[in-house]
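# Fold and contact review
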Amino acid sequence: LDNPIILGLESSCDETAAALVRRCDDGGVEVLAERIASQDDKHAAFGGVVPEIAARAHVERMDGLIKEVMEEARLDWKDLSGVAATSGPGLIGGVLVGLMTGKAISLAHDLPFMGINHLEGHALSPRLTGQVEFPYLLLLVSGGHCQFLMVKGVGDYERLGSTIDDAPGEAFDKTAKIMALGFPGGPAVERWAKQGNAEAIDLPRPLLNRKDTLDMSFAGLKTAVRRAVELEPVNDKRKADICASFQLAVADILSTRTRQAMDIFRERINAERPHFVVAGGVAANQTLRFRLEADAKEAGFAFASPPMRWCTDNAAMIALAGLERYLLGQFDPLDVSARARWPL
Ligand code: KG4
Ligand code: ZN
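Residues numbered from 1 in each chain as written. Chains lettered and ligands numbered in written order. Predicted model: local features only at pLDDT ≥ 70, side-chain atom pairs only at ≥ 80, totals over all residues.

### Considerations on the domain arrangement of the protein
Parsing the protein into structural domains produces domain 1 (5-129 + 313-327) and domain 2 (136-309). Measuring from the centre of the C-alpha atoms in domain 1 to the corresponding centre in domain 2 gives 27 Å. Counting residues at the interface gives 16 residues for domain 1, matched by 18 residues for domain 2. A total of three residues in the side of domain 1 that touches domain 2 trace back to one element, the largest contributor, which is helix α4 (residues 118-124). Split by residue class, the side of domain 1 that touches domain 2 holds six nonpolar, seven polar and three charged. (Domains from an automatic or database assignment. Contact = placed C-beta atoms within 7 Å. Helix = DSSP H or I, 4+ residues; strand = E, 2+ residues; numbered from the N terminus. Nonpolar A, V, L, I, M, F, W, Y, C, P; charged D, E, K, R; others polar.)

Structural data, given as structure tokens:
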């Protein structure tokens, strides 16, 4: 087929998603249909994702979402060229749901199967809009991940540095949880931070005194926020000040490491105006985004970020990664297994 169509499935965390992408004549990709079912309401009471609840919700939703995208795109199984599903890393019960569904469709309809690393999906996501060429520098910053990647081509990724403990999104969620600001915590903390003084509370920037590494740490920051909350009664002013100070600390960490990562990228790759891409749920944060965009401008990098729906977990990026692998003939056998851990 000249313009292959790939069905992509995602279920590694708390988003159930299905999408269909097609390769266009000009070499770009078109998202024919996509659905994302959020489970936020199911996890809100717990202030975080509960793995068993997530897995059950994926089972309930996945088949219906696949039916919906197939109908919206007016496709029959015989129109598909292949099936791609996230096979890790993530919450294993959830990963299994998408993976088994993808394998079943592949087997029943005799379609090639591609097991996709969720991080590869995020890494390739800026290519959904067709504006970014290889190679580029990517900061993936979400509830589960925080890493700098040199994206040199499909399957050709080099990790330059990552968090050694928590992801920033986790720290946002924890910060919101201890002050009961709501779930998911990121947007709530951002709202409160707008009214606060970012200089009010002195929070640590762990590891940042070390300039010989791109590794990051957020666990100590989380603990420091907890201490600040316990130190004196949290009225609204103090809530806002804690949120603003926390957000600034995260921005300082990401910004400092981004500048270092850009220097390393420049040393390795000769490009007039290389691309710097930020993806992942935390990239939704306006303060962070503006800060990183300014960093990019100053360093002579072109700044890009996928539209919000493709920054957070989605199946379009999994279908795209599947399409790229399909075009290279990189199919997976049906005994490929789900992996809770799977560094890129
Ligand atoms: O990419 P994503 O949907 O899922 C993961 O793969 O983790 O990211 C979700 C994370 C959550 O921790 C959420 O609190 C955070 O992204 N987030 C934000 C904002 N919106 C979502 N963090 C900071 N500011 C935001 N506006
Ligand atoms: Zn993700």
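From this point on, the discussion continues.
### Re the nonpolar core
Among the nonpolar cores identified, the biggest contains 103 residues, and A19, V21, L138, A316, A319 and L320 are the most heavily contacted of them. Element by element, the count of residues in this core is highest for helix α8 (residues 236-268), at 13 residues. Here this core spans two domains, since at least three of its residues come from each of domain 1 (5-129 + 313-327) and domain 2 (136-309). (Core = buried A, V, L, I, M, F, W, Y, C linked by C-beta atoms within 7 Å. Buried ≥ 20, exposed ≤ 12 C-beta atoms within 10 Å, placed from the backbone.)

### Describing the site of ligand 1
Not every one of the 19 residues close to ligand 1 is listed here, only the nearest: G143, G169, G186, G281 and N285. When residues of the shell around ligand 1 are traced back to their parent elements, those giving at least two are α5 (168-178) and α6 (185-193). Take the shell around ligand 1: its biggest share by element is four residues, from α6. Split by residue class, the shell around ligand 1 holds six nonpolar, ten polar and three charged. (Near = placed C-beta within 6 Å.)

### Details of the sheet that holds strand β3 (residues 29-38)
Spatial strand order, β3-β2-β1-β4-β5: five strands in an open sheet with mixed pairing. Where the open sheet ends on each side, the last strands, each with one partner, are β3 and β5 (113-117). Averaged over all neighbouring strand pairs, the angle between strand axes comes to 20°, with direction disregarded. Against the sheet, helix α2 (residues 51-72) makes contact with β1 (5-10), β2 (15-23) and β3, and its axis sits at roughly 25° relative to β2, the strand it touches most. (Pairing = 2+ DSSP bridges. Axes fitted to C-alpha atoms, helices over the stretch in contact; angles between N-to-C directions.)

### Quick look at unusual backbone geometry
Cis peptide bonds are those with omega within 30 degrees of zero, and the linkage from G88 to P89 qualifies with -15°. The step from F183 to P184 runs through a cis peptide bond, and the omega angle for that step is -5°. Residue placement: P184 occurs in the loop between α5 and α6. Non-glycine residue R74 carries a positive phi angle of around 55°.

### What about the UniProt feature "binding site: substrate" (unreviewed entry) in the protein?
Summarizing the sequence annotation, UniProt attributes the feature "binding site: substrate" (unreviewed entry) to L140, V141, S142, G143, G144, D173, G186, E190 and N285 in the numbering used throughout. Of note, G186 is situated in helix α6. Residue classification places G186 among the buried residues on the basis of 24 C-beta atoms within 10 Å. When residues no more than four places from it in sequence are discounted, the contact partners of G186 are G169, F172, D173, G281, V282, A284 and N285. Along the chain, the position of N285 falls in the loop between β9 (275-279) and α9 (286-299). Excluding residues that lie within four positions of it along the chain, N285 makes contacts with G186 and E190. (UniProt positions renumbered as here; feature names shortened; annotations may be inferred.)

### Describing helix α7 (residues 219-231)
Spanning 13 residues, α7 covers 19 Å between terminal C-alpha atoms, matching the ideal 18 Å at 1.5 Å per step. Listing the buried residues of α7 in full gives L221, K222, V225 and A228. What you see down the axis of α7 is that its buried residues fit within an arc of 120°, all on one side. Away from its buried face, by an angle of more than 90 degrees, α7 presents the exposed residues R227, E230 and L231. (Expected span 1.5 Å × (residues − 1). Arc of directions from axis to C-beta.)

### Topic: the UniProt feature "domain: Gcp-like" (unreviewed entry) in the protein
The UniProt record marks residues 30-319 with the feature "domain: Gcp-like" (unreviewed entry), using the residue numbering of this structure. Structurally, residues 30-319 is divided into 48% helix and 17% strand, and its ends, taken at the C-alpha atoms, are 11 Å apart.

### Brief notes about the environment of V234
Considering the arrangement of structural elements, one finds V234 in the loop between α7 and α8. Note on V234: 17 C-beta atoms within 10 Å, which makes it partly exposed. Each residue touching V234, except ones within four places of it in the same chain, is listed here: M179, V229 and K239.

### Let's talk about the sheet that holds strand β7 (residues 146-153)
Here five strands make up an open sheet; going across it, the order is β8-β7-β6-β9-β10 and the pairing mixed. With partners counted over all chains shown, the strands left at the sheet margins are β8 (156-162) and β10 (302-304), one partner each. Neighbour-to-neighbour, the strand axes of this sheet turn through a mean angle of 25°, independent of strand direction. Sheet topology note: the β9/β10 ladder contains three bridges and is parallel. Counted as the bridge partner of V277 is A304 from β10.

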